[in-house]
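Descriptive analysis of the structure
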Amino acid sequence: MVLMKMKFPFEKRVKLAQGLWLLSLSATVAGALTFSLGCILKTELRRRAEVMDNSDIHIVPDTLMIVGLASLGINYFASKICQDALDAGRFPRWKNFLKPYFAVSCFFTVLMLLAIIMSYAMKGTLESSLKAGLRNGIRFYKDTDTPGRCFQKQNIDRLQMEFRCCGNTDFRDWFEVQWISNRYLDFSSTEVKNRIKSNVDGRYLVDGVPFSCCNPSSPRPCIQYQLTNNSAHYNYDYQTEELNIYLRGCREALVNYYMGLMNTIGAGVLSVFLLQGSVLVSLRFLQTSMEAVAGNENVEIETEGYLLEKGVKETIMEYLDPLLKFLLLKNQVEEGDPAAAPATT
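Residues numbered from 1 in each chain as written. Predicted model: local features only at pLDDT ≥ 70, side-chain atom pairs only at ≥ 80, totals over all residues. Heavy atoms only, no water.

So, about the pattern of salt bridges. If you walk through the whole model with that rule in mind, you get 16 salt bridges. Of the charged contacts, one joins aspartate 84 and arginine 93 as a salt bridge, the two residues approaching to 2.7 Å between their closest N and O atoms. For aspartate 84, a relative accessible area of 2% corresponds to the buried category. Between glutamate 127 and arginine 251 there is a salt bridge; the shortest N-O distance is 3.5 Å. A residue pair is termed long-range when its members are at least 10 positions apart, and glutamate 127 in helix α4 (residues 123–139) and arginine 251 in helix α7 (residues 250–291) qualify at 124 residues. Exposure remark for arginine 251: the relative accessible area of 14% places this residue in the buried category. Through salt bridges with shared partners, a single ionic network connects Glu44, Arg47, Arg48 and Glu162. (Salt bridge = Lys/Arg side-chain N within 4 Å of Asp/Glu carboxyl O. Buried < 20%, exposed > 50% of the residue type's maximum accessible area, 1.4 Å probe, protein only. Helix = DSSP H or I, 4+ residues; strand = E, 2+ residues; numbered from the N terminus.)

Structure, rendered in structure tokens:
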């Protein structure tokens, strides 16, 4: 069953080729934009690599960069095909090229759609990666003398100040770790000894936060120590007063930032996907309408163009059958099937 059959007079074919040439140039620019957006997202993710437990989220920018580069090649050939479509004598040379061209083009266009879906769907992966990464970052905050961790304090402080956040989930995460290095503790002090003895792990835990948690917008001087001790500060109530430190956790801040960035990029790439799809559909109509002109003396005759010569399922199987047969034959040869092995003389 022929899908979306249309009649194409000579003038309509010319306009289709000319319009498609302009459309393919626009899609080429859009492909370069897609690659650039992938690079921007990749750069932003790498900037915070120290607070991410894994790099699974990098599949989104990597895919965008791949489909962006592929789009450049796809639309370059589309523009050349459109130019040759204006000359019935030059168009037949593309006949054997177009079938694999459409297969490759459809693959990368579908891959672009998957990248869009992933940019919206990978919030859980991003959040779990940040949860573990920030937990380790806070735990190693004090290790300024340990190789490989000496910049961890600086990274966490810059992160909290830039994103106006504190801790992983909230500021209370700092209460559960020793974030002050032993080299800055006076072990002859009774207060230090008592705090270390007060927990089974022998850690110096305080109900305080680093300076980078302080909110400069607060009118009150920053209270970063003894946050839960009302008697330690004048006119202060831990339970009711709005604290002058950042209340939002850094995980929430980073998830909101990256998901906002990916959703914006996803919306932009969606428009590129629609543009790329329009190029492929238009090119298919141009190809099928020009095939009837081949070998005909009168190149100005009216022809018919269509999207698919058969149904969707039959068309997909037509492309998959050669690949499946190749994989089956390869599997038989690897298993040592004598019937599949080529005959020798």
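Within this structure, the stated rule accounts for three disulfides. Between the sulfur of cysteine 165 and that of cysteine 250 lies a disulfide, 2.1 Å long from S to S. In this structure, the disulfide formed by cysteine 165 and cysteine 250 twists by about 90° around the S-S bond and is classed as right-handed. Of the two residues, cysteine 165 is situated in the loop between α5 (152–163) and α6 (190–197) and cysteine 250 in helix α7; the sequence distance between them amounts to 85 residues. Taken individually, cysteine 165 and cysteine 250 each receive the classification buried, so the pair is uniform in this respect. In this model, cysteine 214 is linked to cysteine 222 through a disulfide, with the two sulfur atoms separated by 1.9 Å. As the torsion about the S-S bond is roughly -75°, the cysteine 214-cysteine 222 disulfide counts as left-handed. Taken N- to C-terminal, the disulfide-bonded cysteines of the chain are connected 1-6, 2-3, 4-5. (Disulfide = S-S within 2.5 Å.)

Okay, the packing of aromatic side chains next. Each aromatic ring pair is described using two quantities: the centre-to-centre distance and the angle formed by the ring planes. Applying the stated criterion across every chain, the model contains 14 aromatic pairs. Aromatic pair tyrosine 141 and tryptophan 174: ring centres 5.0 Å apart, planes at 75°, arrangement edge-to-face. Within this pair, whereas tyrosine 141 is found in the loop between α4 and α5, its partner tryptophan 174 is found in the loop between α5 and α6, the two being separated by 33 residues in sequence. Between tyrosine 257 and tyrosine 258, the ring centres sit 5.1 Å apart and the planes meet at 65°, which makes this aromatic pair edge-to-face. For tyrosine 257, a relative accessible area of 32% gives the class partly exposed. Site record: aromatic cluster; members linked through ring pairs are Tyr76, Phe77, Trp94, Phe97, Tyr101 and Phe102. Here the basic side chain of lysine 12 rests over the ring of phenylalanine 8, its NZ or CZ set 5.0 Å away from the ring centre. (Phe/Tyr/Trp six-rings, centres within 6.5 Å; stacked < 30°, edge-to-face > 60°. Lys NZ or Arg CZ within 6 Å of the ring centre and 35° of its normal.)

What follows is about the packing of helix α2 (residues 59–85) against helix α3 (residues 95–121). How two helices sit against one another is set out by the angle between their axes and by the gap between those axes. At a minimum axis distance of 9 Å, the contact between α2 and α3 shows a crossing angle of 150°. With respect to the hand of their crossing, α2 and α3 are arranged in left-handed fashion. Contacts between α2 and α3 pair Ile59, Val60, Thr63, Leu64, Ile66, Val67, Ala70, Ile74, Phe77, Ala78 and Ile81 from the former with Phe97, Leu98, Tyr101, Ser105, Phe108, Leu111, Met112, Ala115, Met118 and Ser119 from the latter. Of the residues contributing to the contact of α2 with α3, the split by class is 18 nonpolar, three polar and no charged. (Axes fitted to C-alpha atoms, helices over the stretch in contact; angles between N-to-C directions. Left-handed = near helix turned anticlockwise from the far one by under 90°. Contact = heavy atoms within 4.5 Å. Nonpolar A, V, L, I, M, F, W, Y, C, P; charged D, E, K, R; others polar.)

Right, let's talk about the nonpolar core for a bit. Counting 55 residues, the largest nonpolar core has Leu126, Phe171, Trp174, Val209, Leu227 and Leu254 as its most contacted members. Contributing elements (two or more residues each) for this core: α1 (10–47), α2, α3, α4, α5, α6 and α7. Residue contributions to this core peak at 11 residues, all from α7. A domain split of this core shows at least three residues from each of domain 1 (3–137 + 253–317) and domain 2 (171–247). Leave out the neighbours within four places in its chain, and leucine 126 touches Met52, Ile57, Val255, Tyr258, Met259 and Met262. Residues Leu16, Ile81, Leu283 and Leu286 belong to the second largest nonpolar core, which totals 23 residues. (Core = buried A, V, L, I, M, F, W, Y, C linked by side-chain atoms within 4.5 Å. Domains from an automatic or database assignment.)

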